[in-house]
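Topology and contacts: notes
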Amino acid sequence: MSTTVRQRTTGQQPVTRSAIRGSVLGIEGMPMHEIDRLLQLARKMNPLKARPLLRGKRVLLLFYEPSTRTRASFEIAAKSLGAMTTLILSSGSSIEKGESLLDTAYTLRAVGADVIVVRHPNAGAPHLMARHLDIPVINAGDGMHEHPTQALLDAYTILRHKKKLNGLQVAIVGDLYHSRVARSAIHLFSKVGARITLCGPPELLPEISATLAPGLRISRSCEEAVRGADVVMVLRVQRERLAGLKLSLPDYISRYQITMTRLRLAKNDALLMHPGPIIRGLEITWDVADCPQSVIVEEVKNGVPLRMAVLARALGKA
Amino acid sequence: MKQSSQSHSLLIRNGHLIDPVARVDALMDILLRDGQVSEIAPPNKIRSGADEKFDAKGLIVAPGFIDLHVHLREPGQNYKETIASGTAAAAAGGFTSVCCMPNTMPVLDSPEWVTWVRQPQRGAVVNVFPVGSATQASKGAVLTDFRALQRAGAVAVTDDGKPILNETTMRDALRSSAEINFPIVQHAEDTRLTQNCSMHEGPTSLRLGLRGMTDAAEAAIVDRDVQLAQQFSGARLHVAHLSTAEALTAVRRGKRNRARVTCEVTPHHFALTDSDVRDYDTNFKMNPPLRSASDREALLAALGDGTVDAIATDHAPHAPHEKVVEFERAAFGVTGLETALGLAITVLHGRQKMPLARIVELLTAGPARVVDLRGRGTLLRGSHADVTIFDPKKRWTFDAAKSRSKSHNTPFDGWQMTGKVVATIVAGRIVYRSS
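Residues numbered from 1 in each chain as written. Chains lettered and ligands numbered in written order. Predicted model: local features only at pLDDT ≥ 70, side-chain atom pairs only at ≥ 80, totals over all residues.

Another point: the overall build of chain B. Looking only at helices and strands, chain B features 13 helices and 19 strands. Looking at chain B as a whole, 60% of its 435 residues are labelled buried. Contacts in chain B between residues at least 24 apart in sequence constitute 75% of all its contacts with a sequence separation of at least 6. (Helix = DSSP H or I, 4+ residues; strand = E, 2+ residues; numbered from the N terminus. Buried ≥ 20, exposed ≤ 12 C-beta atoms within 10 Å, placed from the backbone. Contact = placed C-beta atoms within 7 Å.)

This next bit is on the domain arrangement of chain A. All names here are of chain A. You can read the domains of chain A as domain 1 (32–146 + 301–314) and domain 2 (162–294). The C-alpha-based centres of domain 1 and domain 2 are spaced at 27 Å. Tallying the contact residues gives 9 residues for domain 1 and 8 residues for domain 2. Contributing elements (two or more residues each) for the side of domain 1 that touches domain 2: α1 (32–44) and β4 (137–142). The residue inventory of the side of domain 1 that touches domain 2, partitioned by class, reads 3 nonpolar, 3 polar and 3 charged. (Domains from an automatic or database assignment. Nonpolar A, V, L, I, M, F, W, Y, C, P; charged D, E, K, R; others polar.)

Our focus in this paragraph is the interface of chain A and chain B. Taken together, the contacts link 24 residues of chain A with 20 residues of chain B. Listed by contribution, the elements that provide at least two residues to the side of chain A that touches chain B are α3 (101–110), α4 (125–132) and α6 (180–192) of chain A. Tallying contributions element by element places α4 of chain A first for the side of chain A that touches chain B, with 3 residues. Grouping the constituent residues of the side of chain A that touches chain B by class yields 11 nonpolar, 11 polar and 2 charged.

Residues and elements named next belong to chain B. As for its position among the elements, Val157 is in strand β10 (residues 157–158). Among the residues examined, Val157 registers 29 C-beta atoms within 10 Å and is labelled buried. Ignoring anything within four residues of it in the chain, the contact list for Val157 reads Val131, Gly132, Ser133, Ala134, Thr144, Phe146, Leu149, Phe182, Ile184 and Val185.

With that settled, consider the sheet that holds strand β11 (residues 184–186) of chain B. Residues and elements named next belong to chain B. Overall, parallel pairing links the 6 strands, which are arranged β9-β10-β11-β14-β15-β16 in an open sheet. For this open sheet the edge positions go to β9 (132–133) and β16 (310–311), each flanked by a neighbour on one side alone. Here 4 bridges tie strand β14 (residues 236–239) to strand β15 (residues 260–265), and the two strands are oriented parallel to one another. Directly across from Val239, in β15, lies its bridge partner Cys263. (Pairing = 2+ DSSP bridges.)

Residue and element names in this part refer to chain A. Ranked by size, the top nonpolar core spans 230 residues in total, and within it Ile116, Val117, Met129, Ile172, Val173, Val232 and Leu311 carry the most contacts. Broken down by element, the residue count for this core peaks at 9 residues, all from helix α11 (residues 296–314). The residues contacting Ile172, other than those within four sequence positions of it, are Ala182, Ala185, Ile196, Leu198, Cys199, Met233 and Leu235. (Core = buried A, V, L, I, M, F, W, Y, C linked by C-beta atoms within 7 Å.)

Our focus in this paragraph is the environment of Asp51 of chain B. All names here are of chain B. Position of Asp51 among the secondary structure elements: in the loop between β3 (36–41) and β4 (52–55). For Asp51 and His8, which are 43 residues apart along the polypeptide, the C-alpha to C-alpha distance reads 6.5 Å. The residues contacting Asp51, other than those within four sequence positions of it, are His8, Ser9 and Leu10.

All names here are of chain B. Judged from the 4 bridges that link them, strand β18 (residues 416–426) and strand β19 (residues 429–433) form a sheet pairing that is antiparallel. Across the sheet, residue Val426 finds its bridge partner in β19, namely Arg429. Linking β18 to β19, which pair antiparallel, is a turn of 2 residues; within it Ala427 sits at a positive phi near 50 degrees.

Moving on to the packing of α3 of chain A against α4 of chain A. All names here are of chain A. Running from N to C, α3 and α4 cross one another at 55 degrees; their axes reach a closest spacing of 10 Å. Between α3 and α4, the crossing angle belongs to the class labelled oblique. Crossing of α3 over α4 shows right-handed handedness. When α3 is examined against α4, the residues Leu101, Leu102 and Ala105 are found in contact with a partner set consisting of Ala125, Leu128, Met129 and His132. Residue composition of the contact of α3 with α4, by class: 6 nonpolar, 1 polar and no charged. (Axes fitted to C-alpha atoms, helices over the stretch in contact; angles between N-to-C directions. Parallel < 35°, antiparallel > 145°, perpendicular 65-115°, else oblique. Left-handed = near helix turned anticlockwise from the far one by under 90°.)

All names here are of chain B. Partitioning chain B into structural domains gives domain 1 (9–61 + 384–433) and domain 2 (64–370). Distance between the C-alpha centres of domain 1 and domain 2: 25 Å. Within the residue set of the side of domain 1 that touches domain 2, elements represented by two or more residues are β17 (387–397), β18 and β19. For the side of domain 1 that touches domain 2, the element with the most residues is β18, which contributes 8 residues. Within the side of domain 1 that touches domain 2, the residues separate by chemical class into 16 nonpolar, 10 polar and 5 charged.

The next point concerns the pairing of β4 of chain A. Burial within β4 of chain A is extensive, with 6 of its 6 residues counted as buried. Following the backbone out of strand β3 (residues 115–120) of chain A, through α4 of chain A and into the adjacent parallel β4 of chain A, one traces a crossover that is right-handed. (Right-handed = clockwise from strand over helix to strand, strands pointing away.)

A few words on helix α2 (residues 111–118) of chain B. All names here are of chain B. Residues of α2 that are buried include every one of Trp113, Val114 and Val117, and no others. One side of α2 holds all its buried residues, which, seen down the axis, span an arc of 105 degrees. Among the structural elements, α1 (83–92), β7 (95–100), β8 (127–130), β9 and α3 (146–152) are those in contact with the buried residues of α2. (Arc of directions from axis to C-beta.)

Encoded structure:
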């Protein structure tokens, strides 16, 4: 790989380019064959019996926001494939001293990163890095924009229970406006030809959400959205991003919380999904979270093989 | 600005003169002498000799363009732009006069700083007319001394970059405006509705996961200000960089009610929409943001029907460290001086079939009226010898790297345009000539 860390034109803006192959920035721009390829590859990945495909590779995990599942599963995925990982958090690094995102990226490239996995509070941060780096960038969640590996692992999880994604009836309920998981899921389900109903209050699901992808339906009734669904995906109300929105939580709970009564309106074999973290008693009741239809824990587990696939692909090893 | 005590004359021959004020749209020769328009006559009728001749065959000769809205960044931010570099870009864009905004460091809130901006040692190559700050340090609380700013040479006041949000403050400003016949330029944005927002609110902002500014945030302020302006006979309100259909409705209502309300529209707002914000390119981030396609349609109509008084660039240079960052953290603003004419001719004339004379009016007589630039915006005999000569058919590609501005934050890099400035003449002297 080139040792050029960065190039500059005559004192002006840094050279930009399109993202390096293997970068995963979002589902919206990902071709269907690439989605299929990653899902197939994930099926072959077993963290306990993996070949060290990525031996000698350095995976840099750059996290500007808190994370439990995504961070742990990327790290375990990388290590299972024999890669070395280094975690950089915004606190305790030079980011606290004001180092810019790009300079941080150049620094990580200089210490030998072969791929950077980044989580960032600003939408488009991975895209900015990818435009300026000659190594792949994996988006582990950017602001309210996308969380592509979550959508992929959800698709992977569904495929462990259902024959195909095409034609499935999917209800996504909760705080869609603030959710990067929702945006990625919507693009993915739309691409595979699922029938998607979005459900939530107008504050968390504006009418224009129907324009996000082809074939979306919006419902303000949880019962209507869930009825007959093959998949019910619940999203957390992101209180940390509400910023001035006046949302009555008791109101929300009474109208949109997924309870056993509401879940029973879905198909008998419906899957109950939630990207986590779950707030029991808010968007979901205690018993729903642990009910037999719930695949919440399985989603987390599936994050590992899926991210193994993404990393292997990013580094040209699959 | 270059001042010369020596006598100098320049004859512009064979050009097609468009001067909406003089109602001329025909082949004419023009003689400029000692900084003034000395003679205008049909081709080859001017008998007086001239020190210098310019052959404008096949070109349009127009009054020098006037930009009501530029950020020259001095004092205090010369890493983005200087008065010298900004006015060089203005000259290359055909602008012979620019009104510079007061949101510098420090803010132009005193007569001393207004005077400083106008001093010859700043190295301006075109006329610079400062706009003073409407409130002290543009904090929106205490009004500045309008009369003192006016005497020092300010042509208007504004808190641009920010609105004058407080209604009482705005009312007081308009009352003073009426008393001393001085325009208040409003950056119309109800900032209580646009916290943390980085683009227009619509399908694109939702898709990109960016918080969006509602169009109501602009309209609410324009609506209020138009009503306030009607309370004081003679108060002058100018709406800067107007961007929404709803705000146009308020301006139309004001004009119908004979309020002295004017407005300007930027080239980027009539050329682009929010759906052009792709891949988080911060060169498409400005405030007000690129709006919806229907807002753009409304702007195009209003530019044509006379509701809009001027095209103004809102030239807002920023350094790479302020722009090559996360979209939400990037500074608002794009450069615009060198692309204004090309965009106006390409979009308004080429696609919308707007007559060239109307475009010239929006770049000359229109803005001259907004801030009372006497003897400018026209080439009537005795006017200032500020002239812009352009080729309305010339196809060219804008290369941001070759910009004369210190900053290159433009969404139009690599754009093919029709219509190019050939020469810019300030006070009878050529300050820019295309190579």
